Amino acid sequence: MRREYIYPHRSVRSFPISARRVCAALALAFLLSVAVFYFGTRLLDVHNRIARLILKYTGIPAVGVRSIEIFPGLGPVDVPVVPQPMDRASPLRNGIFFASALSAMIFAHRRFALGRNFIVFLIILLCASGIVVLFVPSFSFDSVVYSQIWLRGEILIWLLLPWVSALLFVLTVPTMAGGFLWGLVIECYVVFWSSMRLAFCLGVLHYSGILFLPLLWFVLGILFDLVIVLFFYSLALEQSIKRTMGGRRS
């Protein structure tokens, strides 16, 4: 079946952007950022409660909670205290973990040509962590310090994300209500998904110490938040194109 029309080339595709829509996007970003800052302590508390619940039902022991400060203006929050092995207590185990992870990344480097530069950077992070564990035994940190580093990075993402999502979704989605909804959905999703990623990192800390934590913080931290934004933006853009241009007939 032949198409009734041909999509215009991407170089001439555009969405009409009015001053009213730009003002609405900026207003949404401002309101969401203020709400995140005002309810920041509650958001962090909900975030940590979800992480502790995941740790509980996955069998990762938490010997208690400890109150920590994130930033001035935000109240103290409770983070789980997860026991971890001494980094040099079992060199054979750490060697097996290191060799297994390095072998997997070398295999991925040979198998996927498009991601080779990224995989090389991950290998460098892993080797740097291995050198620190092997030659600098005095350097270590526990689950409380790692959680504090994680939460400081995530709260900044939550404050900046409304500006990115508002400009991406409110300006491209055909209806402003739809853009507002996408912005709210992605803000709630990053909070929930961050708690799951933190619980996973603490589980890795419990079994393997700090060997993989720098690598996991890079892959599952800010970089993963960027992937989430791009994923939701692709979904919203696909729906917008279907509504404005119609679906393909063939």
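Residues numbered from 1 in each chain as written. Predicted model: local features only at pLDDT ≥ 70, side-chain atom pairs only at ≥ 80, totals over all residues. Heavy atoms only, no water.

(A) Summary view of the environment of cysteine 23. As for its placement among the helices and strands, cysteine 23 is situated in helix H1 (residues 19-38). Taking the relative accessible area as the measure of exposure, cysteine 23 reaches 52% and is therefore exposed. The spatial distance from the C-alpha of cysteine 23 to the C-alpha of valine 170 is 10.0 Å, given a sequence separation of 147 residues. (Helix = DSSP H or I, 4+ residues; strand = E, 2+ residues; numbered from the N terminus. Buried < 20%, exposed > 50% of the residue type's maximum accessible area, 1.4 Å probe, protein only.)

(B) Spotlight on the nonpolar core. Ranked by size, the top nonpolar core spans 52 residues in total, and within it Leu44, Ile70, Tyr146, Trp158, Ile186 and Leu216 carry the most contacts. Sorting the residues of this core by element identifies helix H2 (40-57), strand S2 (77-81), helix H3 (91-111), helix H4 (116-135), helix H5 (143-170), helix H6 (176-208), helix H7 (213-220) and helix H8 (222-245) as the ones contributing at least two each. (Core = buried A, V, L, I, M, F, W, Y, C linked by side-chain atoms within 4.5 Å.)

(C) Inspection of the packing of aromatic side chains at higher detail. This structure, assessed with the given rule, holds 13 aromatic pairs. Ring plane angle 40° and centroid distance 6.3 Å describe the contact between tyrosine 146 and tryptophan 150, whose orientation is recorded as tilted. Of the two residues, tyrosine 146 and tryptophan 150 are both situated in helix H5; the distance of four residues between them amounts to about one turn of the helix. Look at tyrosine 146 and you get buried, because its relative accessible area is 3%. Taking relative accessible area as the criterion, tryptophan 150 reaches 2% and is therefore assigned buried. With 5.9 Å between their ring centres and 10° between their planes, phenylalanine 169 and tryptophan 182 make a pair best called stacked. Placement of phenylalanine 169 in helix H5 and of tryptophan 182 in helix H6 is noted, with a sequence separation of 13 residues between them. Given the relative accessible area of 0%, phenylalanine 169 is considered buried. (Phe/Tyr/Trp six-rings, centres within 6.5 Å; stacked < 30°, edge-to-face > 60°.)

(D) Examining the packing of H5 against H6 more closely. Orientation of H5 relative to H6, taken along the N-to-C sense of each, is 160°, at an axis distance of 10 Å. Taken together, H5 and H6 sit at an angle that is classed as roughly antiparallel. Crossing hand, H5 versus H6: right-handed. In the contact of H5 with H6, the residues fall into 17 nonpolar, six polar and three charged. (Axes fitted to C-alpha atoms, helices over the stretch in contact; angles between N-to-C directions. Parallel < 35°, antiparallel > 145°, perpendicular 65-115°, else oblique. Left-handed = near helix turned anticlockwise from the far one by under 90°. Nonpolar A, V, L, I, M, F, W, Y, C, P; charged D, E, K, R; others polar.)

(E) Representation of a nonpolar patch on the surface in the model. A contiguous nonpolar patch, built from Ile17, Val22, Leu26, Phe30, Leu31, Val34, Trp163 and Leu167 and spanning about 720 Å² of accessible area, is present on the exposed surface. For the nonpolar patch, the leading source of residues is H1, giving five residues. Relative to the helices and strands, leucine 167 resides in helix H5. Judged by relative accessible area, leucine 167 falls into the partly exposed class, the value being 42%. (Patch = residues over 30% accessible without salt bridge, like charges linked within 9 Å, V, L, I, M, F, W, Y side chains within 5 Å. Areas by Shrake-Rupley, 256 points an atom, 1.4 Å probe, with all protein chains shown as cover. Salt bridge = Lys/Arg side-chain N within 4 Å of Asp/Glu carboxyl O.)

(F) Structural view of the packing of H5 against H7. Running from amino to carboxyl end, H5 crosses H7 at an angle of 20°, the nearest separation of the two axes being 12 Å. Classified by the angle between their axes, H5 and H7 sit roughly parallel to one another. Of the two elements, H5 crosses H7, and the hand of that crossing is right-handed. Mapping the contact onto sequence places Tyr146, Ile149 and Trp150 in H5 and Leu213, Leu216, Trp217 and Leu220 in H7. (Contact = heavy atoms within 4.5 Å.)

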